[in-house]
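Residue-level structure breakdown
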Amino acid sequence: MAVNLLKRFTNSPKALVFTYLLLILVSGILYWLFEDGKSPGDAVWWAVVTASTVGYGDSYPLTWQGRILAGFLISVMVLFVIPLITAHFASKLIVDNDAFQHEEQEEIKNQLRQIRAIVERLAPADAAPAGAALDAVEARVDRDR
């Protein structure tokens, strides 16, 4: 179940954006609770700046809870969110236009079966070597799928 949830999360740009915004909001609220004297707007600004790893230095945590939160937020962004966004865009750019579609593969396999039947009818004694070659081609079509 966790694997399916992770696949859904990583393959859905909407889920990724929602999670990013939720992470910013939760981090901002926690920062606001941990750090005295910060407004909610300042806390959300801190979360955005910290999550983007820009870190202007205009606001930084003074409490140990805030520092742990900052470390967690930076780690999650650098190790998970940014790589997922990059991988999503990269996967959209990498498209194999030469790859056979399922229907094309099935058609090729059917044509190979027809060719095998014709070869076996025409030369039964010599059909074994030709049949082996056709088996190899059919195996390659299955592997490339």
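1. Overview of the packing of helix H2 (residues 13–34) against helix H4 (residues 64–93)
- Direction vectors running N to C along H2 and H4 enclose 170°, while the axes themselves pass 11 Å from each other. By the angle class used here, H2 and H4 are roughly antiparallel. Contacts between H2 and H4 involve Pro13, Leu16, Tyr20, Leu23, Ser27, Leu30, Tyr31 and Phe34 from the first element and Gln65, Gly66, Leu69, Phe72, Leu73, Val76, Met77, Val81, Leu84, Ile85 and His88 from the second.

2. What to know about the packing of aromatic side chains
- By the definition in use, this model includes one aromatic pair.
- When the ring of Tyr31 is compared with that of Trp46, the centres are 4.0 Å apart and the planes differ by 5°; the resulting orientation is stacked. Taken together, the positions of Tyr31 in helix H2 and Trp46 in helix H3 (residues 40–51) put the pair 15 residues apart, joining distant regions of the chain. Per residue, the accessibility class of Tyr31 equals that of Trp46, and both read buried.

3. A closer look at the pattern of salt bridges
- Counted according to the given criterion, the structure contains one salt bridge.
- Put simply, Glu106 and Lys109 hold a salt bridge, and the shortest N to O gap is 3.5 Å. Of the two residues, Glu106 and Lys109 both sit in helix H5 (residues 102–122), three residues apart, roughly one turn of that helix.
- On the accessibility criterion, Glu106 (25% relative accessible area) is partly exposed.
- Using a relative accessible area of 9% as the deciding quantity, one classes Lys109 as buried.

4. A closer look at the packing of H2 against H3
- The N-to-C vectors of H2 and H3 enclose an angle of 125°; their axes lie 8 Å apart at closest approach. In terms of orientation, H2 lies oblique with respect to H3. Regarding H2 and H3, the two cross each other, and that crossing is right-handed. Packed against H2, whose contacting residues are Tyr20, Ile24, Ser27, Gly28, Tyr31 and Trp32, the element H3 presents Pro40, Ala43, Val44, Trp46, Ala47, Val48 and Ala51 at the interface.

5. Comments concerning unusual backbone geometry
- Phi is positive for Thr53, which is not a glycine, with a value near 60°.
- Among the structural elements, Thr53 can be located in the loop between H3 and H4.

6. A short note on the nonpolar core
- Counting 13 residues, the largest nonpolar core has Leu23, Tyr31, Trp46, Ala47, Ala51, Leu73 and Met77 as its most contacted members.
- Among the elements of the structure, H2, H3 and H4 are those that each provide at least two residues to this core.
- The element best represented in this core is H4, accounting for six residues.
- Once you skip the residues sitting within four places of it in the chain, Leu23 turns out to touch Phe72, Leu73, Val76 and Met77.

7. Notes on the confidence of the model for the chain
- Looking at the chain as a whole, the pLDDT averages 81, with 80% of positions reaching at least 70.
- The secondary structure element of the chain with the lowest average pLDDT is helix H6 (residues 127–144), at 64, and the one with the highest is H3, at 91.

The rules behind these values
- Residues numbered from 1 in each chain as written.
- Predicted model: local features only at pLDDT ≥ 70, side-chain atom pairs only at ≥ 80, totals over all residues.
- Heavy atoms only, no water.
- Axes fitted to C-alpha atoms, helices over the stretch in contact; angles between N-to-C directions.
- Helix = DSSP H or I, 4+ residues; strand = E, 2+ residues; numbered from the N terminus.
- Parallel < 35°, antiparallel > 145°, perpendicular 65-115°, else oblique.
- Contact = heavy atoms within 4.5 Å.
- Phe/Tyr/Trp six-rings, centres within 6.5 Å; stacked < 30°, edge-to-face > 60°.
- Buried < 20%, exposed > 50% of the residue type's maximum accessible area, 1.4 Å probe, protein only.
- Salt bridge = Lys/Arg side-chain N within 4 Å of Asp/Glu carboxyl O.
- Left-handed = near helix turned anticlockwise from the far one by under 90°.
- Core = buried A, V, L, I, M, F, W, Y, C linked by side-chain atoms within 4.5 Å.
- pLDDT = per-residue confidence, 0-100.

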